[in-house]
Protein chains: 2
Amino acid sequence: MVKVIVIGSGNVAQHLITAFQNAEKNESGISLIQVFARKRESLAALIPIQKVTNQFSELLEADLYIIAVSDDAIESVSSELLFKNRLVAHTSGSVPLTLLNNNNRKAVFYPLQSFTKGAAVDFKTIPLCLEAENSIDFQMLSKVGKLISDHATAINSQQRKALHVAAVFANNFSNHLYQIANDICKENQVPFSILKPLIQETAKKIVAIDPEQAQTGPAKRNDQITIDAHEAFIKDDNQLKIYKLLTQSIQHNGKKL
Amino acid sequence: MVKVIVIGSGNVAQHLITAFQNAEKNESGISLIQVFARKRESLAALIPIQKVTNQFSELLEADLYIIAVSDDAIESVSSELLFKNRLVAHTSGSVPLTLLNNNNRKAVFYPLQSFTKGAAVDFKTIPLCLEAENSIDFQMLSKVGKLISDHATAINSQQRKALHVAAVFANNFSNHLYQIANDICKENQVPFSILKPLIQETAKKIVAIDPEQAQTGPAKRNDQITIDAHEAFIKDDNQLKIYKLLTQSIQHNGKKL
Ligand SMILES: NC(=O)c1ccc[n+]([C@@H]2O[C@H](COP(=O)([O-])OP(=O)(O)OC[C@H]3O[C@@H](n4cnc5c(N)ncnc54)[C@H](OP(=O)(O)O)[C@@H]3O)[C@@H](O)[C@H]2O)c1
Ligand SMILES: NC(=O)c1ccc[n+]([C@@H]2O[C@H](COP(=O)([O-])OP(=O)(O)OC[C@H]3O[C@@H](n4cnc5c(N)ncnc54)[C@H](OP(=O)(O)O)[C@@H]3O)[C@@H](O)[C@H]2O)c1
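Definitions and limits used
- Residues numbered from 1 in each chain as written.
- Chains lettered and ligands numbered in written order.
- Predicted model: local features only at pLDDT ≥ 70, side-chain atom pairs only at ≥ 80, totals over all residues.
- Heavy atoms only, no water.
- UniProt positions renumbered as here; feature names shortened; annotations may be inferred.
- Helix = DSSP H or I, 4+ residues; strand = E, 2+ residues; numbered from the N terminus.
- Buried < 20%, exposed > 50% of the residue type's maximum accessible area, 1.4 Å probe, protein only.
- Pairing = 2+ DSSP bridges.
- Near = heavy atom within 4 Å.
- Polar contact = N/O pair within 3.5 Å; in protein donor to acceptor, adjacent residues only side chain to side chain.
- Areas by Shrake-Rupley, 256 points an atom, 1.4 Å probe, with all protein chains shown as cover.
- Nonpolar A, V, L, I, M, F, W, Y, C, P; charged D, E, K, R; others polar.
- Domains from an automatic or database assignment.
- Salt bridge = Lys/Arg side-chain N within 4 Å of Asp/Glu carboxyl O.
- Expected span 1.5 Å × (residues − 1).
- Contact = heavy atoms within 4.5 Å.
- Core = buried A, V, L, I, M, F, W, Y, C linked by side-chain atoms within 4.5 Å.

Chain A has the name DUF2520 domain-containing protein in an unreviewed UniProt entry, where Flavobacterium frigidarium is given as its organism.

**Student:** Which residues make up the UniProt feature "domain: DUF2520" (unreviewed entry) in chain A, and what values go with them?
**Tutor:** Per the UniProt annotation, the sites labelled "domain: DUF2520" (unreviewed entry) are residues 126-250 of chain A. Helix makes up 72% of residues 126-250 of chain A and strand 8%. Its end C-alpha atoms lie 30 Å apart.

**Student:** Can you explain the pairing of strand 7 (residues 127-132) of chain A? Please cite residues and give values.
**Tutor:** Residue and element names in this part refer to chain A. With five of its six residues buried, strand 7 lies for the most part within the structure. Bridge analysis of strand 6 (residues 105-111) against strand 7 gives five bridges, and the strand direction is antiparallel. Along strand 7, the bridge assignment pairs Ala107 with Ala132. When strand 7 meets strand 8 (residues 151-154), the two strands line up parallel, connected through four bridges.

**Student:** Break down the site of ligand 1 for me, with residues and values.
**Tutor:** Residues and elements named next belong to chain A. The full set close to ligand 1 counts 21 residues, and Ser9, Val12, Arg38, Asp71 and Phe115 are the nearest of them. At a separation of 2.8 Å, an oxygen atom of ligand 1 approaches a polar side-chain atom of Arg38. A distance of 3.2 Å separates an oxygen atom of ligand 1 from a polar backbone atom of Ser70. Relative to its free-state accessible area of 910 Å², ligand 1 is covered by the protein chains to the extent of 75%. Counting residues per element, the ones that place at least two in the shell around ligand 1 are helix 1 (11-25), helix 2 (74-80) and strand 6. Of the residues contributing to the shell around ligand 1, the split by class is nine nonpolar, nine polar and three charged.

**Student:** Please give an account of the domain arrangement of chain A that cites residues and values.
**Tutor:** Each assigned domain of chain A is listed here: domain 1 (2-155) and domain 2 (160-251). On a C-alpha basis, the centroid separation for the pair domain 1 of chain A and domain 2 of chain A is 36 Å.

**Student:** So what's going on with the pattern of salt bridges? Residues and values would help.
**Tutor:** Applying the stated rule across the entire model yields nine salt bridges over all chains. As a salt-bridge pair, Arg105(A) and Asp137(A) come within 2.7 Å of each other at their nearest N and O atoms. Taken together, the residues span a long stretch of sequence, with Arg105(A) in strand 6 and Asp137(A) in helix 3 (residues 135-148) at a distance of 32 residues. Arg105(A) sits in the partly exposed class, given a relative accessible area of 27%. In this structure, Glu131(B) and Arg160(B) form a salt bridge, with 2.8 Å as the shortest nitrogen-oxygen distance. Here Glu131(B), found in strand 7 (residues 127-132), pairs with Arg160(B), found in helix 4 (residues 157-187); they are 29 residues apart in sequence, far enough to count as distant. You can call Glu131(B) buried: its relative accessible area is 13%. Residue Arg160(B) is classed as buried on the basis of its relative accessible area, which comes to 1%.

**Student:** Just give me the short version of the UniProt feature "domain: Pyrroline-5-carboxylate reductase catalytic N-terminal" (unreviewed entry) in chain A, but keep the residues and values in it.
**Tutor:** Within this numbering scheme, the UniProt entry marks residues 3-88 of chain A as carrying the feature "domain: Pyrroline-5-carboxylate reductase catalytic N-terminal" (unreviewed entry). Taken as a whole, residues 3-88 of chain A contains 26% helix and 23% strand, while its terminal C-alpha atoms sit 12 Å from one another.

**Student:** Run through helix 9 (residues 237-251) of chain B, naming residues and quoting values.
**Tutor:** The end-to-end C-alpha separation of helix 9 of chain B is 21 Å, in line with the 21 Å expected for 15 residues at 1.5 Å each. Regarding helix 9 of chain B, the residues found buried are Asn238(B), Gln239(B), Leu240(B), Ile242(B), Tyr243(B), Leu245(B), Leu246(B), Thr247(B), Ser249(B) and Ile250(B). Looking at the packing, one finds that the buried side of helix 9 of chain B touches helix 4 (157-187) and helix 9 (237-251) of chain A together with helix 4, helix 7 (218-221) and helix 8 (224-233) of chain B. Sitting at the amino-terminal end of helix 9 of chain B is Asp236(B), which places a side-chain oxygen 2.8 Å from the backbone nitrogen of Asn238(B). Positive phi shows up at Asn253(B), right after helix 9 of chain B, with a value of about 60°.

**Student:** Any details on the nonpolar core? Residues and values, ideally.
**Tutor:** Core analysis: the largest hydrophobic core is formed by 78 residues, its most contacted members being Phe169(A), Leu195(A), Phe169(B) and Leu195(B). What Phe169(A) contacts, discounting residues up to four positions off in sequence, is Ser174(A), Leu177(B), Ile180(B), Ile184(B), Ile234(B), Gln239(B), Ile242(B) and Tyr243(B). Of all hydrophobic cores here, the second largest spans 32 residues; its members include Val4(B), Leu32(B), Leu128(B) and Ile148(B).

Laid out in structure tokens, this is it:
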């Protein structure tokens, strides 16, 4: 039986707890034996309260400890663990493995998805990026990862950094462009909902084809008449800057000008 | 029986032909009586060839003519029609209604979706933006529109312009950001496929919640340490410019700085 402990009670911790509980039900040979939460009662709805501790000194012995706390608390939480030479992972996309305290064997267990508390997700579909210091630790990490996800992959710290930057472009920035589109709709009394099917379609397209091949629009077509008309239409300076820069970037195929 | 003629043989024309043929099968009181294509044989797989003409002089009498040709050919094609005072619509998101020739009654029949030849779409789910010069013409347009789409909406030329600009941000520019993400992954030997579930999720989220509320990431959190690390990581000037501008824009909530 592989014994796992989750440390944290936020978004990721709660989704991990649910995923491990599901894996337990399937008698997969895994057991979530304990959870650490500063406020024990915050997990009362999710897990029997006697399984939750708020004392580092009470942490049981386990094969894997997963620290799912805010990025800036990972270092200090890992240094508060009172045991030595056990396998300890964090769940962050942007914190290096090396930030974990030297007392224990370091690992990363990073689920690449955007979680919202309470919103159910099928953990099986979420890519899990795994990193460990040696192949024996990686095997344990991978064993645990594969029990809750169908997409567990070895990703080192440098690759994870690249992924995180790429995710900022693909997700945070895209979402911001949706917001600008929403603002433009509002200003012109058009329901933003008209654009939603097209937004879904654009995201779906790249599952099958390369984004470079999927590119459409006036910039791609070098349709200067439409570009000029759009630039004349846009009244907001910030929107105009973004329009010009991304149009240029498409025209140069995303490469340095 | 409402009689419709489609002019054109490109992406949009072909999807319209299929949608009208489906509506005909449902005995909905509509008939696609003819199609105009410069190269008749290009539609041979789609529609009986005797229904296709390449002569403007052979065009039959219909209740609605839909010109689905390239934006820059709409004006000239509309001026080649030999009849007068009939209802003629184009399918463009960016061309004003007024560009159509004065000989006929003008309208717009704009399907707001990104079409690819041969890739099947369920036309019923596509928002149709409709505009006419008077309410009687609008009724005819709306009757036809509702037979092929569940989302036929009145959108005037000013609103359509705003929608088109908004769609450039939400779709063309988002897709370009996917390409940049793909480039960053490639440069760092990470499979881009790891990001695809998150990209889908980001697009799906805004169906239910406002993009402003859905915004996450280092810029939103004002996490300057991560922003600095990302800026140091990005080697390409163009990518860096985009990173900085969109980060700033998120921090100012998409408003003028
Ligand atoms: N959210 C996502 O979509 C996502 C996706 C992938 C990875 N991650 C990563 O997963 C980790 C957790 O993120 P999250 O979204 O779950 O964060 P969150 O919802 O904000 O929860 C943060 C958790 O950290 C705890 N915490 C903060 N400071 C602490 C300290 N000094 N000592 C003990 N516990 C402390 C909080 O406890 P209290 O509740 O008591 O304050 C809370 O349980 C982060 O490394 C994040 O980068 C997040
Ligand atoms: N593609 C989309 O996703 C989309 C979405 C919504 C609206 N629209 C609008 O729909 C319209 C058609 O776009 P599309 O994507 O279907 O374009 P397309 O696939 O490039 O097809 C253009 C069509 O126009 C014809 N054409 C061009 N110049 C002509 C001329 N001088 N005389 C007669 N026919 C001419 C072409 O005929 P040949 O084949 O003989 O060259 C072809 O059938 C445009 O107004 C576009 O803005 C497109």
